Structure formats: structure tokens, C-alpha cells
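# Architecture and fold: a report
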Amino acid sequence: MSNRWNTGLNWSDVTPERHWLNRRALLAGAAGAGALALAGAAEARIAAKPSPYSTDAAPNTLEDITGYNNFYEFGYDKSDPARHAGGLTIAPWSVKIDGLVDKPGDYALDDLTKGIALEERIYRFRCVEAWSMVIPWIGFPLAALLDRVGVQPGAKYVAFESLARPDEMPGVKAGLLDWPYREGLRIDEAMNPLTILATGLYGEAMPRQNGAPIRLVVPWKYGFKSAKSLVRISLTDTQPRTTWQGLQPREYGFYANVNPEVDHPRWSQASERRIGGGLFAKRVDTIKFNGYGEYVASLYAGQDLAKDY
Amino acid sequence: MDRVHALLRRVRPWMVYALGAIPAALLILRIFTGDLGIDPVKTIEHRLGEVALQLMVAGLCITPLRRLAGLNLIRFRRQIGVLAFVYATLHFAVWIALDLQFRWAEIGADLVKRPYIVIGFLAFLMLVPLALTSSNASIRRLGSAAWQKLHWLTYPAAVLAAVHFVWLMKAWAFEPLAYLAGITALLALRLWWRARKGLAATPARA
Ligand code: HEM
């Protein structure tokens, strides 16, 4: 584990306050008028413990993270979410939990997460389009939530569903994909301590364009697995069908583990460009499981990852 | 229309090139003003590809414009074609230098196995002989008929470029499909004219 670098400080602790202020202004601006309450809450900066799972790599700027998003609910272009997500209503928010759980129901987000300690997880984020960033998420292990609702023994998979609200999401209205967006994990992947539900980043509540108010983050898989703005989590005994699989089964598998050895028909996955370096953003070699192999490689023992892509 | 033509007569080839250089100049300017967004490489790559495709479409519009609207721009077709080639070359060069960053093994693999790259590359390769023969001397050397035949390559090149655009999107987007539809329509129009001319040339049978 690389926590010999971990000083017990949050990234936010070593970022000059001036930058924090800028970020806050930017966030409030991006979030629009409806988010005043949230911006107010953000003044207090979310308390989150540092985590040994965090990378020591320097995070991308908030400008990068909030200005370069694939969130097709708001449009195809990576600048569309920042442009169009401002009007998204995120309070009240409820998440339906159903399927093979002891306590199914429609939970208000606050009730669902009350009392669960938040952590800062600085993760590498690798998009299937062969670019990457480093993002200081705030969240908690998905396992903590699943334990709270009680997973029944027959549950083998977890299915996730994102919000699809046409009047606030131009990409949903335009029918860019088969909505709502659906993703899924195998239960052991869902229970892995690296898998988190994120409710913020950079010490602030989650910006709308990044999947407010709550999203999945699975750092060893391509970014599209990390579904945003979750409204439903279902425990199932069969492998759920995901949105991208439905669109292009040959290109997008269920597992979608970051893997330079397994080619995607569209992009070579051998390397990735680190966003943030401007014109000369450096291309670096992609690492299997996005560098998280020591925590997750064992999940796939005996599996042919070229077949289970 | 005569007035327009009188005005157009004053336009020199260098002026067309100067006009055509504007999108590239704006890109360079935006490098310095930091206005290329969070991923400047993609912005530049996309813009160069877009301009190349637009110029190819512009080149294909010249004949229909003359026949349907009586507007004669044939004098500028060469410059438009050369500019399209230059933008396609820059687009390709940005991909090699800034996107793939001279990782030759990956470049080589992509050029033969990524469908949308293969198709873009084929479109580019088709433009090469056209650019190389874009001089009066070449027309003389090849003879006008052979030269014209060779330059029919613009059509498949444009179709492939549009397919390249359609294919590189992860889902069905409107803009690339609109280009593909437009280019297909232009091609169909030419083929139709050609067929009619063929019919007119063969004596009517009883
Ligand atoms: C006649 C030749 C070509 C034309 C007209 C052309 C045109 C285009 C167009 C219109 C786009 C999309 C721009 C946008 O999104 O607005 C594009 C993207 C792209 N083209 Fe080409 N292209 C050509 C050749 C090539 C070649 C030879 C390569 C590389 C070998 C290439 C690689 C790419 C790449 C990598 C993208 C961006 C894909 C992404 O979003 O990551 N193109 N091209």
C-alpha cells in the first residue's frame, strides 16, 4: 500500500485558501441560483477523513473536473454538463432501494446516509475514451449502505439507475441514449472497499455536472461504470443489462475493467492522456485495473478478462 | 449574377488561400488566449477535421451551384481542394504529434484496426493524389479526361470522411449524419446528371 506518502492531511489542507475561494465561487456559479442553500452549506466545507486508498498524485483542478464531463443526460459534448446541469433539482432527493434486500423502500437521501462517516478518496479516473484525471472525491463505501439495508444471500449483482428527467436534462429530452442510464456491478465488486458512493469532491457538495447529489465511483473500471445522480439501487440474482451494453454489446462489456491488454474496438487502451496539461497533456501508459490491482485483481481470479471485458 | 461574377473576377487565388487560413489562424490565436477549453488537443483536432470536411463539401458544391444557380466558382475549386488537403494533413499531424504523441506502435495499430481511423486514413490517402495533381502542368500531362476521372476520387473521399465522423461518435449524433446525408445527396445528383447525359448521348431507340 502506498500510504507511506499519506500524511493524514486532506488534499484540501494543502491547497491554498485563495484557490479554495475561487473554487467555491466557481461552484456557486455553476450550480446556479437554486443552489444558494447548498453553497451556504459548502461554506462549512465537508468534513471528511483522509483515506489510505487515496493516491498521492496531484488532483486535477476543479475547473478541469467540473468542465470536462461525459454526462449524456445533458448532451454529447464534454462542456454540455457544465452548461446545462445548473437547473437540476437535487433537493429533495430520494433513492429507491429494492430487490433482494431486507429493508427495501424509497429513502430520502439524508436518511440513507445519516451517520455514515465521509472519507476523502483521491482516485485516478480513467475514461474509456483513453483520457484520465485525478479526482478528490468525498464519499463512503457502497458496502456501508448495502449493510444498512441488508443484502439477502441470493443477491449476486447490484443494479444502478440514474435520474432521467427530460424537463431538466436536454440529452434525456432529445433521446440521445436509451434512458434511464443503467449500470451494474457484481456483488463482490460492489462490496470492495474501493467502491464508493460519492456525495462531494474537493471538500464541497457534489457539483451537478459531476452527478449530484450522489453517484457511484469504481476507480478500477472505465468511467462509464460510475453512474451519476443515482435514483435506484437494486439487488438482483441475474446480471443486470447496462445502457452501453445495450447500445454496443461488442464494444462495452459488463465488467469494463481498465485493462491495457484488452483492446476496445474504438480506442487503443494501451495509453491515456492525462487531462490538465494543456496542449501538451502527457500520454502515459495505462495500468491494468487502473493501478488498483493489489486490491481488486483477486476478484477476477480464474476469469478470462479478454472474454469478460 | 453578372455583377457577382464581375466582382469574383477580381479575386486572386492568394486571396482564397488567405481566407482559408483564417480558421487555422484563429486556432493559433486561441492557443495564446487559452480559449481552447480543458482539452486543447481535442479542440484543435476536432476543429481541423471539421474544417477539412467542410471544405470538401464546399468543393463538391461548385458544379451544382453553377448548374442550378448559375454561379460560377469553378476558378476557386483548386484552392478549396488544396485547402481541404492542408486541413486534413494538419488534422492527421495533430493526431500523430499531440494526441498519440509519436507512439508509433500505437499509431500503426490504430491505422489498420480502428474502423473510424482506418476510414479517415483512407479518405486522407485518396486526397493525396488529388493534391499532387492540382496544377495545370498535371492536367496537361495526364490529359483532361484522365485528370477528371482521377478527381472523381473527391466523392469517395468525402463519403469516407463523413462515415469517419459518424463512426467516431459513440452514439448516433445529428451533425455527422447531416454531413453524410448532404454528401450522399451531392453524389447522387452528379450520378443522375451523368446518367441523363449518357442517355442524351445515345441516340433514342424506337
Ligand atoms: C479527409 C480526411 C479526414 C477528414 C475530413 C476528417 C474529419 C474529421 C471530423 C469532421 C472529425 C470530428 C470533428 C468534430 O467532432 O467536430 C474528426 C475527428 C477525428 N479524426 Fe478525422 N478526418 C480525416 C482524417 C483523419 C485521419 C487520417 C485520422 C487519423 C489517423 C483522423 C483522426 C481523427 C480523430 C482521432 C478524431 C477525433 C476523435 C475523438 O473524438 O477522439 N482523421 N475527423
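Residues numbered from 1 in each chain as written. Chains lettered and ligands numbered in written order. Predicted model: local features only at pLDDT ≥ 70, side-chain atom pairs only at ≥ 80, totals over all residues. Heavy atoms only, no water.

The next point concerns the overall build of chain A. A tally of helices and strands in chain A yields 10 helices and 13 strands. For chain A, the proportion of contacts with a sequence separation of at least 24, taken over those separated by at least 6, is 72%. (Helix = DSSP H or I, 4+ residues; strand = E, 2+ residues; numbered from the N terminus. Contact = heavy atoms within 4.5 Å.)

Counting its regular elements, chain B contains 11 helices and zero strands. Element order for chain B, N to C, with α for helix and β for strand: α-α-α-α-α-α-α-α-α-α-α. Along the first, second and third principal axes, the C-alpha set of chain B runs to 65 × 40 × 40 Å. Counting all 206 residues of chain B, 37% fall into the buried class. If you take every contact in chain B between residues at least 6 apart in sequence, the share linking residues at least 24 apart comes to 66%. By element, 70% of the accessible surface of chain B is carried by carbon and sulfur atoms, the whole surface being about 11,800 Å². (Buried < 20%, exposed > 50% of the residue type's maximum accessible area, 1.4 Å probe, protein only. Areas by Shrake-Rupley, 256 points an atom, 1.4 Å probe, with all protein chains shown as cover.)

Further remarks concern the confidence of the model for chain B. Per-residue pLDDT for chain B has a mean of 93; in total, 97% of the residues score no lower than 70. Interface confidence in the predicted complex, given as ipTM, is 0.84; pTM for the same model is 0.86. (pLDDT = per-residue confidence, 0-100.)

Turning our attention to the interface of chain B and chain A. If you look at the interface, chain B gives 25 residues, while chain A gives 32 residues. For the chain B and chain A pair, buried surface summed over both sides reaches about 2,300 Å², with 51% attributable to carbon and sulfur atoms. It is Ile38(B), Arg114(B) and Lys170(B) that lose the most area in chain B upon contact with chain A, and together they represent 35% of the buried surface on that side. Joining chain B to chain A, the criterion identifies seven salt bridges. Residue Lys170(B) pairs with Glu129(A) through a salt bridge whose shortest N-O separation is 2.9 Å. Looking at the side of chain B that touches chain A, the elements that each hand over two or more residues are helix H4 (40-69), helix H5 (77-99), helix H6 (104-113), helix H7 (115-132) and helix H10 (154-168) of chain B. The element best represented in the side of chain B that touches chain A is H4(B), accounting for four residues. In terms of residue class, the side of chain B that touches chain A is built from 15 nonpolar, one polar and nine charged. (Buried area = accessible area lost by both parts, 1.4 Å probe. Salt bridge = Lys/Arg side-chain N within 4 Å of Asp/Glu carboxyl O. Nonpolar A, V, L, I, M, F, W, Y, C, P; charged D, E, K, R; others polar.)

Right, let's get into the environment of Trp95(B). Residue and element names in this part refer to chain B. Considering the arrangement of structural elements, one finds Trp95 in helix H5. Relative accessible area serves as the criterion here: at 8%, Trp95 is assigned to the buried category. Between the alpha carbons of Trp95 and Val159 there is a distance of 21 Å; along the sequence they are 64 residues apart. Apart from residues no more than four positions distant in its own chain, Trp95 is found in contact with Glu45, Leu100, Gln101, Ile107, Asp110, Leu111 and Ile117.

With that settled, the discussion passes to the site of the ligand. Residue and element names in this part refer to chain B. Taken together, 24 residues lie near the ligand, and Lys42, His46, His91, His164 and Leu168 sit nearest. Within the side chain of His91, one N or O atom sits 2.7 Å away from a nitrogen atom of the ligand. Contact between the ligand and His164: a nitrogen atom at 2.8 Å from a side-chain N or O atom of the residue. Examining the composition of the shell around the ligand, we find that eight residues originate from one element, H4, more than from any other. (Near = heavy atom within 4 Å. Polar contact = N/O pair within 3.5 Å; in protein donor to acceptor, adjacent residues only side chain to side chain.)

All names here are of chain A. Per the counting criterion, the structure on display carries 21 aromatic pairs over all chains. Both rings, one in Tyr68 and one in Trp131, keep their centres 4.9 Å apart while their planes meet at 75 degrees; by these two values the pair is edge-to-face. Residue Tyr68 is located in the loop between helix H3 (62-67) and helix H4 (80-84), and its partner Trp131 is located in strand S5 (residues 131-141); the two are separated by 63 residues in the primary sequence. Comparing Tyr68 with Trp131, the two get one shared label, buried. Ring geometry for Tyr72 versus Trp244: centroids 5.9 Å apart, planes at 70 degrees, classification edge-to-face. Residue Tyr72 is located in the loop between H3 and H4, and its partner Trp244 is located in helix H9 (residues 243-247); the two are separated by 172 residues in the primary sequence. Judged by relative accessible area, which is 4%, Trp244 ranks as buried. (Phe/Tyr/Trp six-rings, centres within 6.5 Å; stacked < 30°, edge-to-face > 60°.)

This paragraph deals with H6(B). Where H6(B) is concerned, the buried positions are Glu106(B), Ile107(B), Asp110(B) and Leu111(B). Take H6(B) and look down its axis: the buried residues cluster within an arc of 130 degrees, on one side only. Residues of H6(B) that are exposed and angled more than 90 degrees away from the buried face: Trp104(B), Ala105(B) and Val112(B). Summarising the contacts, the buried residues of H6(B) are in contact with strand S12 (271-274) and strand S13 (283-285) of chain A together with H5 and H7 of chain B. (Arc of directions from axis to C-beta.)

All names here are of chain B. Between H4 and H5, whose axes approach to 8 Å, the crossing angle comes to 160 degrees. In terms of orientation, H4 and H5 fall into the roughly antiparallel class. As for how H4 packs across H5, the hand of that crossing is left-handed. Taken together, the residues of the contact of H4 with H5 break down into 18 nonpolar, four polar and four charged. (Axes fitted to C-alpha atoms, helices over the stretch in contact; angles between N-to-C directions. Parallel < 35°, antiparallel > 145°, perpendicular 65-115°, else oblique. Left-handed = near helix turned anticlockwise from the far one by under 90°.)

Next up on the list: a nonpolar patch on the surface. Residue and element names in this part refer to chain B. Together, Leu19, Ile22, Leu26 and Leu29 give the surface a local cluster of nonpolar side chains, amounting to about 400 Å² of exposed area. Ranked by residues supplied to the nonpolar patch, first place goes to helix H3 (residues 22-33) with three residues. For Leu19, the position within the fold is in helix H2 (residues 13-20). (Patch = residues over 30% accessible without salt bridge, like charges linked within 9 Å, V, L, I, M, F, W, Y side chains within 5 Å.)

Residue and element names in this part refer to chain B. Relative to the elements of secondary structure, Leu142 occurs in helix H8 (residues 136-142). Considered as a pair, Leu142 and Val11 are 131 residues apart in the sequence and their alpha carbons are 28 Å apart. Those residues in contact with Leu142, other than ones at most four positions away along the chain, are Thr133, Trp147 and Leu150.

All names here are of chain A. Sheet architecture is open: five strands sit in the order S3-S2-S11-S6-S7, paired in mixed fashion. With partners counted over all chains shown, the strands left at the sheet margins are strand S3 (105-108) and strand S7 (182-186), one partner each. Across the sheet, the mean angle from the axis of one strand to that of its neighbour is 20 degrees, orientation sign disregarded. Alignment of strand S2 (residues 94-99) against strand S11 (residues 230-236), held across four bridges, turns out to be parallel. When the bridges of S11 are listed, Asp98 appears paired with Ser234. (Pairing = 2+ DSSP bridges.)

Moving on to unusual backbone geometry. Omega for the peptide link from Ala91(A) to Pro92(A) comes to 0 degrees, which places this bond in the cis form. Position of Pro92(A) among the secondary structure elements: in the loop between H4 and S2. A cis amide bond links Ala212(A) to the next residue, Pro213(A), at an omega of -5 degrees. Positive phi values are uncommon outside glycine, yet Tyr202(A) reaches one of about 50 degrees. Looking at Tyr202(A), the relative accessible area reads 3%, which means it is buried. Unusually for a residue other than glycine, Gln101(B) sits at a positive phi of about 50 degrees. Of note, Gln101(B) is situated in the loop between H5 and H6.

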